[in-house]
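Residue-level listing of the chains:
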Amino acid sequence: MSKSKMSNWSLGLAAAAVALTLSANAFAFDAAALKSAPKVQGVGMNITDAAIKPWDISYFYDGTNLPDGKGTVSAGEKIYQEQCAMCHGDFGEGAHGYPKMVGDPVDQFEASAKAGVDAVSNRGLNNTWGNAPTLMDMIHRHMPFYAPGTLTTDEAYSVTCYVMNLASIPGVGDDFVCDKTSLPKIKMPGEPLYVTNSGPDTANQRCMKDCYKGTPFVVEKAASIGNVSVGKVKAKDTQ
Amino acid sequence: MSENMINTVPEGTKKAGEASSDRRKFLRKSVALAAGGAAIAATSAANAGDGLKTWTTPLKNEPTRHMLGRGVVSVPYGLPSKYESGVVRRNVGWLTADTIASISFTPWQDLHGIITPNGLHFERYHAGAVDVDPSKHHLVVHGMVKQPMIFTVDDLKRLPSHTAIHFLECPANGAMEWRGVQMDSLQFTHGMMSCSEWTGVKLTTLMEMVGVDPKATWFYGEGTDGSALQRSVPMEGAVDQHGRPIPPEYTNHYRDAMVCYAQNGEALRPENGYPIRLFIPGFEANISTKYLRRIMFTDKPLVTYQETRHYIEVLPNGMIRQYDLVNEANSVINYPCPDFKLNGKGTYEIRGIAWSGYGKIAHVDVSVDGGKNWKQANLVEPVLNKCVTKFTLPFEWDGEEALIMSRATDETGYVQPTLKQLREVRGFNSIYHKNSIQVWKIEKTGEVKNVQIENV
């Protein structure tokens, strides 16, 4: 989508972040939820933590469960060029429609959102990522896309280090070493922007009669893009 | 019946002028519609056959009348008629780089009930659909539990079962329409939602078996596909990574969660997570992890890639909103809709679907005059919790331009917003959870177009 201003919108309207008025939480789930759960015997097996270990691959936002090992920016650069650049671009700009690593700098991103112009096409590690351990988690489990989960721990740390360096994440210089203690300390630029949703944010009324005066301002699309006829169905078959 | 009919009124329907299009090539048009558009139709009881053309050619037998048909099991797993070959899932090529991390859409324009046939359920992959061998597959439940456990698929089928009909919706449903009209097809405006009967084990059954620590406030599921997709699910008492509470509306949905192995009475389809998936009714679909292999109970969210980068909303104040989990009340008219042309004036039945992630649909109202006047539609039984509800309303079309739309209210009293209301709070970069009232414009030619009303 292009960076165009859509038109006559009043953008000064209240944003959705509503103050939370919840009472203090008990920090425990409601055990009453299990009251009606059936009592079951003799189904399934117990399992040891050691047996689960190979599957216990989730790294929390705060670094919990990050593995031993380490990686460097320079080692990461080599891996990136060989296994990542074809999709994410030599400079992290994205290629063939695959995601960018480097988006708009966070202040520019924020300004675009405030101005009502396109911000989301320019998401990247330097704006919409809250925590560096999440990046390590994502890369280690999901990338490279064609062979997910095949990077060694050190390779994953290295390429994590390199893409953060590419996206000019503060503190991740050319000599930075990524491991389970250094990653949680990194301040991702977008982190301060995150807010938590507070429930429904619109309040339409169920008006039935004479709901407004004047004429509806109706916007249509100028031209259909690639309509094809499939039987009686008019839909866009783009594949 | 006529009391419940909605009709268009020709008098006063006129074009008030055309403004030139902006550089995004939107054609802007003001359409003045008669305020009395939703008046009760006074269809006086006509004599049978009044005003209709007459057929005079002697009837001929169709070819099928003089031949033998196919034998049983000539199609061991039955397929739709060859004349229905246009009723398929479709995707939008330019939306994603490939079809592996991509989405397809359910053809609601061709569906007549509340259930989506399994072969038409929308697809959303982050690393493609995989064929998991159920005889080798396991589910592990661990973390803050007394006893970590492992289950085979057969173990899960042996446990007390739970069956319920629920919709499943990608929160990106409608996303292409935030900035303006883009898709002239219901399939692409609302097709990232499907509705099925789901069968499996309730999560609470498994929670009881492993003895979840009362201090647990979150859990997450993880898949065994290439994305090993994981999403954090809040329970009572959950706070986010900044210590901010998750609203109570979101912390009890897990009670209805299940580990599913069946969809509409048969095994899950590979596209939808075979052999087992997590399913959390009412929540955005991404959280209902497919190809489920692991559930972990914790006291904090993971804040995964999906949670920090994908399923977030960039707000007009520049903030990034996380944990918008529920698909709020939504509805759309699927007949008439842009995928069909009306065949002359006269009687039609407006039909549509409505759904809410907060519970049952309470009312659906329909307007044919651009939202000035509304009439309550008939809800078709069954009306179920977090499930698609069908609605109908007889419609007398006078052959003039009409702006038709539906508005759902759910049992919490939440009323589906207009696009203007939604844009006021969410701006243009929100991407997800676009549940605003959908307007279709019926042209004099009978053609139906996707339009947006900007000022109300």
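Structure shown above.
Model, not experiment: these values are computed from the prediction.

1. Examining the pairing of strand E24 (residues 448–453) of chain B
Residues and elements named next belong to chain B.
Reasoning step 1: Most of E24 sits inside the fold, with 5 of its 6 residues counted as buried.
Reasoning step 2: Of the pairings in the sheet, the one linking strand E23 (residues 439–442) to E24 comprises 4 bridges and is antiparallel in character. When the bridges of E24 are listed, Lys441 appears paired with Lys449.
Reasoning step 3: What sits between E23 and E24 in their antiparallel hairpin is a turn of 5 residues, with Gly446 showing a positive phi close to 95°.

2. As for the interface of chain A and chain B
Reasoning step 1: Facing the 114 residues of chain A at the interface are 151 residues of chain B.
Reasoning step 2: A buried area of about 12000 Å², summed over both sides, lies between chain A and chain B, and 58% of it is on carbon and sulfur atoms.
Reasoning step 3: On the chain A side of the contact with chain B, Phe29, Trp55 and Glu220 of chain A bury the most area, a combined 7% of that side's loss.
Reasoning step 4: The tally of links between chain A and chain B comes to 10 salt bridges.
Reasoning step 5: Across the pair Arg321 of chain B and Asp201 of chain A runs a salt bridge, and its minimum N-O distance is 3.1 Å.

3. Some remarks on the sheet that holds strand E15 (residues 320–322) of chain B
Reasoning step 1: Strand order in the open sheet formed by 3 strands is E4(A)-E15(B)-E14(B), and the pairing between neighbours is mixed. Where the open sheet ends on each side, the last strands, each with one partner, are strand E4 (194–196) of chain A together with strand E14 (313–314) of chain B.
Reasoning step 2: The pairing of E4 of chain A with E15 of chain B spans 3 bridges and is classified as parallel. What sits directly across from Tyr194 of chain A, in E15 of chain B, is Ile320 of chain B.

4. Quick notes on the pattern of salt bridges
Reasoning step 1: One pass over the structure, following the stated rule, counts 35 salt bridges over all chains.
Reasoning step 2: A salt bridge links Asp30 of chain A to Arg255 of chain B; the nearest nitrogen and oxygen atoms lie 2.9 Å apart. Residue Asp30 of chain A is found in the segment before strand E1 (45–46), and its partner Arg255 of chain B is found in the loop between strand E9 (230–234) and strand E10 (258–263); the two belong to separate chains.
Reasoning step 3: Exposure remark for Asp30 of chain A: the relative accessible area of 32% places this residue in the partly exposed category.
Reasoning step 4: Its salt-bridge partner being Asp324 of chain B, residue Arg321 of chain B comes within 3.3 Å of it at the nearest N-O pair.
Reasoning step 5: Taken together, the shared-partner salt bridges connect Asp56, Asp137 and Arg141 of chain A together with Glu222, Arg293 and Arg294 of chain B into one network.

5. Digging into the packing of aromatic side chains
Residues and elements named next belong to chain B.
Reasoning step 1: In the structure shown here, the tally under the stated rule is 11 aromatic pairs over all chains.
Reasoning step 2: Relative to Tyr432, the ring of Tyr311 has its centre 4.9 Å away and its plane inclined at 40°; by these criteria the two rings are tilted. Note that Tyr311 is positioned in the loop between helix H4 (305–310) and E14 and Tyr432 in the loop between helix H5 (419–426) and E23, a separation of 121 residues in sequence.
Reasoning step 3: Residue classification places Tyr311 among the buried positions, given a relative accessible area of 5%.
Reasoning step 4: Through a chain of ring-to-ring contacts, three or more aromatic side chains come together here, namely Tyr335, Phe340 and Tyr348.
Reasoning step 5: Lying over the aromatic face of Tyr335, Arg351 brings its terminal NZ or CZ to 4.9 Å of the ring centre.

6. Side note on helix H4 (residues 106–115) of chain A
Reasoning step 1: Of all the positions in H4 of chain A, only Val106, Phe109, Ser112 and Ala113 of chain A are classed as buried. Taken down its axis, H4 of chain A places every buried residue within 120° of arc, on the same side.
Reasoning step 2: The inward-facing, buried residues of H4 of chain A contact E14 and E15 of chain B.

7. Description of the nonpolar core
All names here are of chain B.
Reasoning step 1: The biggest cluster of nonpolar side chains holds 47 residues, and the ones touching the most others in it are Phe219, Ile295 and Phe297.
Reasoning step 2: Sorting the residues of this core by element identifies strand E4 (138–143), strand E5 (149–152), helix H1 (153–158), helix H3 (203–210), strand E8 (218–223), E10 and strand E13 (292–298) as the ones contributing at least two each.
Reasoning step 3: Top contributing element to this core by residue count: H3, with 5 residues.
Reasoning step 4: In this structure, Ile295 is in contact with Leu139, Val140, Val141, His142, Leu203, Phe219, Tyr220, Gly221, Val259 and Leu278, ignoring residues within four places of it in sequence.
Reasoning step 5: Counting residues in hydrophobic clusters, the runner-up holds 37 residues, among them Ile6, Trp108, Val366 and Trp397.

8. Concerning unusual backbone geometry
Reasoning step 1: In this model, Met143 of chain A is joined to Pro144 of chain A through a cis peptide bond whose omega is -5°.
Reasoning step 2: The backbone phi angle of Asn65 of chain A is positive, close to 75°, even though this residue is not glycine.
Reasoning step 3: Position of Asn65 of chain A among the secondary structure elements: in the loop between helix H1 (49–52) and strand E2 (71–72).
Reasoning step 4: Taking the relative accessible area as the measure of exposure, Asn65 of chain A reaches 30% and is therefore partly exposed.
Reasoning step 5: The backbone of Ile431 of chain B shows a phi angle near 60°, a positive value even though the residue is not glycine.
Reasoning step 6: Assignment of secondary structure puts Ile431 of chain B in the loop between H5 and E23.
Reasoning step 7: Among the residues examined, Ile431 of chain B registers a relative accessible area of 17% and is labelled buried.

9. Quick notes on the state of the cysteines
Residues and elements named next belong to chain A.
Reasoning step 1: Tallied over the full model, the rule gives 2 disulfides over all chains.
Reasoning step 2: Residue pairing for Cys161: its cysteine sulfur links by disulfide to Cys178, the two sulfurs lying 2.4 Å apart. Its S-S torsion of approximately 95° makes the covalent link between Cys161 and Cys178 right-handed. Taken as a pair, Cys161 in helix H6 (residues 153–166) and Cys178 in strand E3 (residues 177–178) lie far apart in primary sequence, 17 residues in all.

10. Looking at empty space enclosed by the protein
Residue and element names in this part refer to chain B.
Reasoning step 1: Evaluated as defined, the whole model comprises 5 cavities of 30 Å³ or more.
Reasoning step 2: In this structure, the largest cavity encloses a volume near 250 Å³.
Reasoning step 3: Every residue lining the largest cavity is counted, 22 residues in all, and those nearest its centre are Arg124, Arg277, Ala285, Asn286 and Lys290.
Reasoning step 4: Counted by class, the lining of the largest cavity contains 8 nonpolar, 8 polar and 6 charged residues.

11. Describing the sheet that holds E1 of chain A
Backbone-to-backbone hydrogen bonds join strands into a sheet, with any given pair of strands oriented parallel or antiparallel.
Reasoning step 1: Ordered in space as E1(A)-E5(B)-E4(B)-E13(B)-E8(B)-E9(B), the 6 strands form an open sheet in which the pairing is mixed. Of all the strands in the sheet, just E1 of chain A together with E9 of chain B have a single pairing partner and so form its edges.
Reasoning step 2: Bridging between E8 of chain B and E13 of chain B involves 6 bridges; their strand directions are antiparallel. Each bridged residue has a counterpart across the sheet, and for Phe219 of chain B the counterpart in E13 of chain B is Phe297 of chain B.
Reasoning step 3: Where H3 of chain B meets the sheet, its contacts fall on E4, E5, E8 and E13 of chain B, and the angle it forms with E5 of chain B comes to roughly 135°.

Cut-offs and rules
- Residues numbered from 1 in each chain as written.
- Chains lettered and ligands numbered in written order.
- Predicted model: local features only at pLDDT ≥ 70, side-chain atom pairs only at ≥ 80, totals over all residues.
- Heavy atoms only, no water.
- Buried < 20%, exposed > 50% of the residue type's maximum accessible area, 1.4 Å probe, protein only.
- Helix = DSSP H or I, 4+ residues; strand = E, 2+ residues; numbered from the N terminus.
- Pairing = 2+ DSSP bridges.
- Contact = heavy atoms within 4.5 Å.
- Buried area = accessible area lost by both parts, 1.4 Å probe.
- Salt bridge = Lys/Arg side-chain N within 4 Å of Asp/Glu carboxyl O.
- Phe/Tyr/Trp six-rings, centres within 6.5 Å; stacked < 30°, edge-to-face > 60°.
- Lys NZ or Arg CZ within 6 Å of the ring centre and 35° of its normal.
- Arc of directions from axis to C-beta.
- Core = buried A, V, L, I, M, F, W, Y, C linked by side-chain atoms within 4.5 Å.
- Disulfide = S-S within 2.5 Å.
- 1 Å grid on protein atoms, 1.4 Å probe; cavity = no way out; pocket = protein on both sides within 12 Å on 5 of 7 lines; lining within 4 Å.
- Points joined across faces, edges and corners; volume = space filled by probe spheres on them.
- Nonpolar A, V, L, I, M, F, W, Y, C, P; charged D, E, K, R; others polar.
- Axes fitted to C-alpha atoms, helices over the stretch in contact; angles between N-to-C directions.

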